[in-house]
Amino acid sequence: MLAGTAADARIRPAGELLDAATPRSQALRRAADRGFLVLCLGFTALAVLILGVLLFSIWQDGHLRVSMDFLGNYASRKPADAGIRAALWGTVWACGICAVTALPVGVGTAVWLEEFAKPSRFTSFIKLNISNLAGVPSIVYGILGLTAFVRAFGMVDADRPIEIGDPDTFLYLRLPFGNGVLAGGLTLMLVVLPIVIVASQEALRAVPRSLRAGSLALGATPWQTTWSITLPAAVPMIMTGAILAVSRAIGEAAPILVLGVPIFIRSVPNNLMSDFTVMPMQIYDWANRPAGPFHELAAAGIIVLLAVLLTFNAVAVVIRQRLHRPLQ
Amino acid sequence: MPDAHSVTRAARAASVALGRGTPRSARVREVRERAIRASLVACATLSVVTTFAILGILLVETGQFLSMPEVSVTEFLTGTTWAPLLGGKGQFGVWPLVCGTLLVTAIAAAFALPVGLITAIYLSEYAAPRVRATVKPVLEVLAGIPTVVYGFFALSVITPFLHDHVSERFSTFNALGAGLAVGIMILPIVASLSEDALRAVPRGLRDAAAALGSTRFDTSVKVVVPAALSGIMASWLLAITRAIGETMIVALAAGGMARMTIDPAAEVQTMTAWMVQMFGGDAQATGVEYRSSYAVAAVLFAITLGLTMVGNLILRAFREEYD
Amino acid sequence: MPPRAIAAAAAVILGLGAAWTAAANAPAATPDKLRGAVKVDGSSTVYPFGEAVAEEFSKKHPNVKVTVGQSGTGGGFKRFGAGEIDFANASRPITKSEVAACEAKSIAFVELPVAFDGLSIVVNRGNDWVKQLTVEQITRLFSADGKVSTWKDLDPSWPAEAIKLYAPGTDSGTFDYFREATVGKTGKIRSDMSVSETDNVLVRGVEGDRNAIGFFGYAYLVANEKRLRAVPVVNPKTGAAVMPSPASIEDGSYAPFGRPLFVYATVAALDRPAGLAYAEFMLEQAGELAQEVGYVKLPDAVYERARANLKARRTGTQWLDAEGKDRHGPISDLYR
């Protein structure tokens, strides 16, 4: 028998079975095995079935309302005229800002943790923070975004904001940000940052040490090594992580809700301070109305949202398959 | 192994390094290297800043809430009536909201933890590769569905089903409908993480058990699961943490009535639903009801932070070392 | 993949995205000159009206960005007093403390009544036992001291089943108005109710539970007529049970729950072309749009006076007298 390992404790139950190998107990054990298999199959099938019922019911409720008009119309009090245009573009802007800000910061953090930092109390503290932040409910990030971005901690009087530029153009900034699309994007960045960091860390760890060693041996500085060797090698996995993060951001409604975006909006953002709404918020508004045509609109909105997410995930799978080959 | 591509890159980097070996450019390189390092450290400290910002905001606002004349700390922490909205003297006992959250979470966990674990066992111990290749993407899709979709599913499918086929007591807003939807939402988390933990158990243990004559059931349940227990429990805790923090499903389907009850057919209000109700109105932060949502957020944050840290402890303390 | 290629790809994607966004943002075919932003927020009761006005106005002036929120009358006034919004929708007149908040920030406002509403008491379609309710019964049902938990407590001939109550929260003007009409301004409403600021949520609650009762604006009843049933309320003065309807709301026989709905405008917003155009458009279309969404239009004379007050920028509220006490009475008498 295997001696002196933790595996001992595990083998004991099986050893006990040897002593009890009577025909009747054997039959019982086989019955238990079969019964358990049935249970496993049943539960797994249940998971698949639930997804099927979910997608089918939403398709049934909403597919008739999905059309180019639905994508091009703004929300309306009349269900027949209503569409998801403002929410769709708001999502593009907010999640775009989220991606553009979360990627550098997240990858930068991972690079520092994996490539540069010497293990110390400070680095373990940072790692602890990141793992704790991953478990924080997204509505709490909304509260942080409300205080930090929308209201700038109260440091700038909202009555007399600092404004630069013309609101009708793209080049317009206002401090405090108010509940514009920049505040939304930054709040979403906070939500997805832990995901980007962890994915980037794993990507960097997957790059073989030998590549870095070779580069350093040839005289490159650590940063040159990282920038020219390690990062490019880690790009496929980082991009997969980024896509996962953006997918999460696209589906988040709670933080945006807390920021206080308007329910009714018939315009597309044109600068970073513009009012906006996102697809999950529009779906939430329609779903809150009594059953009927607005629920069909909610289902149609969900179909559009899921289609966007599916596309993203398909891109991630393609990237994973295409770009992963060089390292192997 | 380094391939031609990366060696060329390394050589190029090296030639750059070697070619610019003059003292002045070396200093420039030093400065740039240090500047880049500084910005990387700044990125890393953002996570710390975020945590402290959250803590700071919640503590300050909760302090302001608790110091308001209508509110007492003991009532907040021990009271069982939450009725701030209704004029006269508001009552601010937080337990009804916590109870609502726990009821919905308990229903979700009762569904998702066993089903998720069994599914994980099946995928890791029993399933043929083809079945795995079909079911794993299903779980990934389920994991990626936005929670507002589950909320909609709860009120358009689950609740009518409960009302029509189980009992008339299930009205529009009930804990069971919301709880089941939250359960479906956390199911993929339990299944994926438990499966990872199960697969991390070395083949040797399974082979040894099989050699001793155990059935697959014996192996899975009496050998592999105990070996992967820390990972499984960590996955359960993570799923419960997600369920506690869930907002959109309960905002749509659980209701707006804060009370102490364990009746699944009852309408309840969770901590997150209360926060939605207050923040959704974006009133200026002066009313006592509005401030109360910060205090509720603080309680929520404390609970989820506690669970996350317990999960990390479990992972570290009970992780089996095999070699 | 070399970093430069990634950067190039990213630049191309961003460039395409920017171009696409600009195209989506392109002004409509009609080169309408009016630009600017109009922020509206406030009552959930007035929201259907506000939404209709905003929508029709946006169609006429596509380059003005109108946003409408649903923070509740109280929430709307708080934002109004902080200078965050231009128009506050309200299902009750502005209060003394809210006026003080505006004065503290030097925000002058113009008061514009826009429609009549009959606050409707609503029960589930499956409720066939409640034929009418007196104000006394309603007060007892909703008051904190009423000790009513089953239908039988209200009327011995009704079933002994627990009542499920649905009500708006304290940011709601409907709630304030209801409280004043039943238990009085300082009275206490019971706390074991299902509460939501969003009237649609109350509608969903009442329609899903046989023993439910709730109250909200008439437009929500009209929008969901097939699923809900309004309860006739016994007029305290005449003793007759009156169903809410456009006629009974307009002539005042549906009492005591008939009330005007308001929109308050900041003078600062009216000084901007977009804000002024919005206010003028709203008053012009108010009668028609109010009726379309299910409310009752005010007498033409009242709309005339509102337009005159708008033009003259008459500030302050006429529902509070010089000492800050509430004024009551029919709108034609009160509003000059």
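Just so it is clear, the structure is predicted and the values come from calculations on it, not from any experiment.

Caption draft 1: How the structure looks around the overall build of chain B. Along chain B, the regular secondary structure elements total 13 helices and two strands. Expressed as a percentage of the 323 residues in chain B, the buried residues total 54%. Summarising the internal contacts of chain B: among those between residues at least 6 apart in sequence, 71% fall at separations of at least 24.

Caption draft 2: Spotlight on the overall build of chain A. A tally of helices and strands in chain A yields twelve helices and three strands. In terms of overall dimensions, chain A is more spread out than a globule: its C-alpha atoms have a radius of gyration of 26 Å, far above the 20 Å expected for 328 residues. Across its three principal axes, chain A shows a C-alpha extent of roughly 80 × 65 × 40 Å. Long-range pairs, those at least 24 residues apart, make up 76% of the contacts in chain A with a sequence separation of at least 6.

Caption draft 3: Spotlight on the sheet that holds strand S3 (residues 264-265) of chain A. Strand order in the open sheet formed by six strands is S3(A)-S2(C)-S1(C)-S3(C)-S13(C)-S4(C), with mixed pairing between adjacent strands. Looking at which strands have only one partner, the edges of the open sheet turn out to be S3 of chain A together with strand S4 (109-118) of chain C. As judged from the five bridges shared by strand S1 (residues 36-42) of chain C and strand S2 (residues 64-68) of chain C, these two strands associate in the parallel manner. Bridged to Gly36 of chain C within S2 of chain C is Val64 of chain C.

Caption draft 4: Highlighting the sheet that holds strand S11 (residues 233-234) of chain C. All names here are of chain C. Sheet architecture is open: three strands sit in the order S6-S11-S12, paired in mixed fashion. With partners counted over all chains shown, the strands left at the sheet margins are strand S6 (133-134) and strand S12 (241-242), one partner each. Relative to S12, S11 is paired through two bridges, and the arrangement is antiparallel. In the strand pairing of S12, Val234 is matched with Ala241.

Caption draft 5: Fine view of the domain arrangement of chain A. Residues and elements named next belong to chain A. Domain boundaries in chain A define domain 1 (2-62) and domain 2 (68-323). Between the C-alpha centres of domain 1 and domain 2 the distance comes to 40 Å. Contacts between the two partners involve four residues from domain 1, matched on the other side by six residues from domain 2. Counted by class, the side of domain 1 that touches domain 2 contains two nonpolar, one polar and one charged residues.

Caption draft 6: Layout of the interface of chain A and chain B. On the chain B side, the residues contacting the 87 residues of chain A number 88 residues. Looking at which element gives the most residues to the side of chain A that touches chain B, the answer is helix H2 (residues 23-62) of chain A, with 19 residues.

Caption draft 7: Representation of the nonpolar core in the model. Val192 and Val196 of chain A, Ala181, Val190 and Ile249 of chain B together with Phe49 of chain C are the most contacted members of the largest nonpolar core, which totals 302 residues. Look past the residues within four positions of Val190 of chain B in its chain and what remains in contact with it is Ala112, Leu113, Gly116, Leu117, Ser235, Trp236 and Ala239 of chain B.

Caption draft 8: Fine view of the domain arrangement of chain B. All names here are of chain B. Domain annotation of chain B identifies domain 1 (4-67) and domain 2 (82-318). At the interface, seven residues of domain 1 touch seven residues of domain 2. Residues belonging to the side of domain 1 that touches domain 2 are distributed by class as follows: four nonpolar, two polar and one charged.

Caption draft 9: Fine view of the interface of chain B and chain C. Contacts between the two partners involve 21 residues from chain B, matched on the other side by 25 residues from chain C. In terms of residue class, the side of chain B that touches chain C is made up of six nonpolar, eleven polar and four charged.

Caption draft 10: Quick look at the pairing of S2 of chain C. With respect to burial, S2 of chain C is a largely interior element, five of its five residues being buried. The two faces of S2 of chain C match: Val64, Val66 and Val68 of chain C on one face and Lys65 and Thr67 of chain C on the other face are all buried. Inspection of the sheet shows S3 of chain A paired to S2 of chain C by two bridges, in the antiparallel sense. Bridging across to S2 of chain C, Phe264 of chain A finds its partner in Val68 of chain C. Following the backbone out of S1 of chain C, through helix H2 (residues 47-60) of chain C and into the adjacent parallel S2 of chain C, one traces a crossover that is right-handed.

Caption draft 11: Inspection of unusual backbone geometry at higher detail. Cis geometry is found at the peptide bond from Leu175 of chain A to Pro176 of chain A, where omega equals 0 degrees. Checked against the element boundaries, Pro176 of chain A lands in the loop between strand S2 (172-175) and helix H7 (181-206). Of the consecutive residues Ala255 of chain C and Pro256 of chain C, the connecting peptide bond is found in the cis state with omega at 0 degrees. Note that Pro256 of chain C resides in the loop between helix H10 (246-250) and strand S13 (258-266). The residue Ala152 of chain A is not glycine, and still its phi comes out positive at about 50 degrees. Assessed through the 18 C-beta atoms surrounding it within 10 Å, Ala152 of chain A is described here as partly exposed. Residue Lys147 of chain C is not a glycine yet carries a positive backbone phi of 55 degrees. Secondary-structure assignment places Lys147 of chain C in the loop between helix H5 (135-142) and helix H6 (151-154).

Caption draft 12: Molecular detail of the confidence of the model for chain A. On average, chain A scores 87 in pLDDT, and the residues at 70 or more come to 92%. Predicted confidence in chain A is weakest over helix H1 (residues 7-19) of chain A, with a mean pLDDT of 53, and strongest over helix H11 (residues 279-288) of chain A, with 95.

Caption draft 13: Structural view of H7 of chain A. All names here are of chain A. The terminal C-alpha atoms of H7 lie 36 Å apart, and with 26 residues this matches the ideal 38 Å at 1.5 Å per residue to within 8%. By the largest-angle criterion, Val192 marks the main kink of H7, which is about 45 degrees, and a proline, Pro194, follows within four residues. Of all 26 residues that make up H7, 23 are buried, and the element is covered over most of its length.

Caption draft 14: Seen up close, the confidence of the model for chain B. Summing up the model confidence of chain B, the mean pLDDT is 86 and the portion of residues at 70 or higher is 88%. As scored by the predictor, the complex reaches a pTM of 0.89 and an ipTM of 0.88.

Caption draft 15: Layout of the packing of helix H10 (residues 229-245) of chain B against helix H13 (residues 288-318) of chain B. Residue and element names in this part refer to chain B. It is the contact of H10 with H13, at a shortest axis distance of 8 Å, that shows an interaxial angle of 170 degrees. Here H13 runs roughly antiparallel to H10, going by the angle between their axes. Facing H10, whose interface residues are Leu229, Ser230, Met233, Ala234, Leu237, Leu238, Ile240, Thr241, Ile244 and Gly245, H13 presents Leu300, Ile303, Thr304, Leu307, Thr308, Val310, Gly311, Ile314, Leu315 and Phe318. Residue composition of the contact of H10 with H13, grouped by class: 14 nonpolar, six polar and no charged.

How each quantity is defined
- Residues numbered from 1 in each chain as written.
- Chains lettered and ligands numbered in written order.
- Predicted model: local features only at pLDDT ≥ 70, side-chain atom pairs only at ≥ 80, totals over all residues.
- Helix = DSSP H or I, 4+ residues; strand = E, 2+ residues; numbered from the N terminus.
- Buried ≥ 20, exposed ≤ 12 C-beta atoms within 10 Å, placed from the backbone.
- Contact = placed C-beta atoms within 7 Å.
- Rg over C-alpha atoms; globule rule 2.2 N^0.38 Å.
- Pairing = 2+ DSSP bridges.
- Domains from an automatic or database assignment.
- Nonpolar A, V, L, I, M, F, W, Y, C, P; charged D, E, K, R; others polar.
- Core = buried A, V, L, I, M, F, W, Y, C linked by C-beta atoms within 7 Å.
- Right-handed = clockwise from strand over helix to strand, strands pointing away.
- pLDDT = per-residue confidence, 0-100.
- Expected span 1.5 Å × (residues − 1).
- Bend = angle between axes of the 7 residues up to and from the residue.
- Axes fitted to C-alpha atoms, helices over the stretch in contact; angles between N-to-C directions.
- Parallel < 35°, antiparallel > 145°, perpendicular 65-115°, else oblique.

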